[in-house]
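# Descriptive structure summary
Okay, here's what each chain looks like letter by letter:
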Amino acid sequence: MKILIVEDEPKTGEYLRQGLTEAGLVADLARDGWDGLQLARGGGYDLVILDVMLPGLDGWGVLRELRAGGVDVPVLFLTARDQIDDRVKGLELGADDYLVKPFAFAELLARARTLLRRGRTTVEPTLLTAADLELDLLRRRARRAGRAIDLTAKEFALLELFLRRQGEVLPRGLIASLVWDMNFDSDTNVIDVAVRRLRAKVDDDFQPRLIRTVRGMGYVLEVPA
Ligand code: CA
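Worth saying up front: this structure is predicted, and the values here are computed from it rather than measured. (Residues numbered from 1 in each chain as written. Predicted model: local features only at pLDDT ≥ 70, side-chain atom pairs only at ≥ 80, totals over all residues. Heavy atoms only, no water.)

### Here's the deal with the overall build of the protein
Across its full length, the protein holds 8 helices and 11 strands. For 225 residues, the compact-globule estimate of 2.2 N^0.38 gives 17 Å, and the C-alpha radius of gyration of the protein, at 23 Å, exceeds that figure by more than 25%. With respect to the three principal axes, the spread of C-alpha positions in the protein is 65 × 35 × 30 Å. Across the 225 residues that make up the protein, the buried fraction comes to 40%. For the protein, the proportion of contacts with a sequence separation of at least 24, taken over those separated by at least 6, is 55%. (Helix = DSSP H or I, 4+ residues; strand = E, 2+ residues; numbered from the N terminus. Rg over C-alpha atoms; globule rule 2.2 N^0.38 Å. Buried < 20%, exposed > 50% of the residue type's maximum accessible area, 1.4 Å probe, protein only. Contact = heavy atoms within 4.5 Å.)

### Observations concerning the coordination of the calcium ion
Protein coordination of the calcium ion is provided by D8 (OD), E9 (OE), D51 (OD) and M53 (O), with donor distances spanning 2.1 to 3.1 Å. Along the chain, the residues donating to the calcium ion are arranged with the sequence spacing D-E-x41-D-x1-M. Separated by 42 residues along the polypeptide, E9 in the loop between β1 (2-6) and α1 (10-22) and D51 in strand β3 (residues 47-51) bring together distant segments of the chain. Relative accessible area serves as the criterion here: at 36%, E9 is assigned to the partly exposed category. (Donors = N, O, S within 2.8 Å, 3.2 Å for Na, K, Ca; no water.)

### Considerations on the environment of G42
Considering the arrangement of structural elements, one finds G42 in helix α2 (residues 33-42). Taking the C-alpha atoms as reference points, G42 and V73, separated by 31 residues in sequence, lie 11 Å from one another.

Next comes the structure, spelled out in C-alpha cells:
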C-alpha cells in the first residue's frame, strides 16, 4: 500500500511520512502542489493525503486536475479548523474524506486504512439495471422481466450507454460519437432508427417504458417516478 502525502509544512509532512512508514505503509512526500500532481499522476498510489493550503497549485487545483485527468485514487484532504466551507468544496470536487487540522495521528491512520480498504474492493459493475431491465456486460446478455432479449452489437452498446448515464438526456451528437464513433450529421436518421429498434425490443412489450425522446434534445433512459 503506497501513500502520497502532499504537504508543504516540513514538520507536519515528515511526521506523517514517518508515522505511516512505522505503520507498515510506504509513504512519499511532495512539498508543493505541482510536485504532488506530477507524482499522483505517475500512478501507483493507493491513497493521496492532500493539504489544501499549498504554495503554487493549491490542494483544490491538484484535486481538480487529478479528477479531470481520470485519476480516481482516493483522496483524503487536510483543512484548517476555520475553513468550514472547505469540507463541502472538497467533497464536491471528488475527495473521499477530510480531516481538520490539528488532528491526532491515530485518527489519520484510521481514516487512511478505511480508504485503502475501500479502494481495493471497488470493482466495475458488470450488471447494469433499470427497473426489470438487465444488461450483463460479462455474458453480453440482455433481459427484461426475466425474458432474454436479442440485441445486435450496436444495440447492445447503445443500451449500455443509456444505462450507464441513466437519467441524463443524451444528445444525438453524443450518442453518435460514443456508439458509432462518427460525427453526427443531422441529415442522417441513423440514431433515431437505432433507438426505435432498441425500444421495440426492450420497451414495446413492457411496462414501464424506459427510453424517452426529449424533443429537440435527444434521448434519456430513466425509470419513471
Ligand atoms: Ca499547508
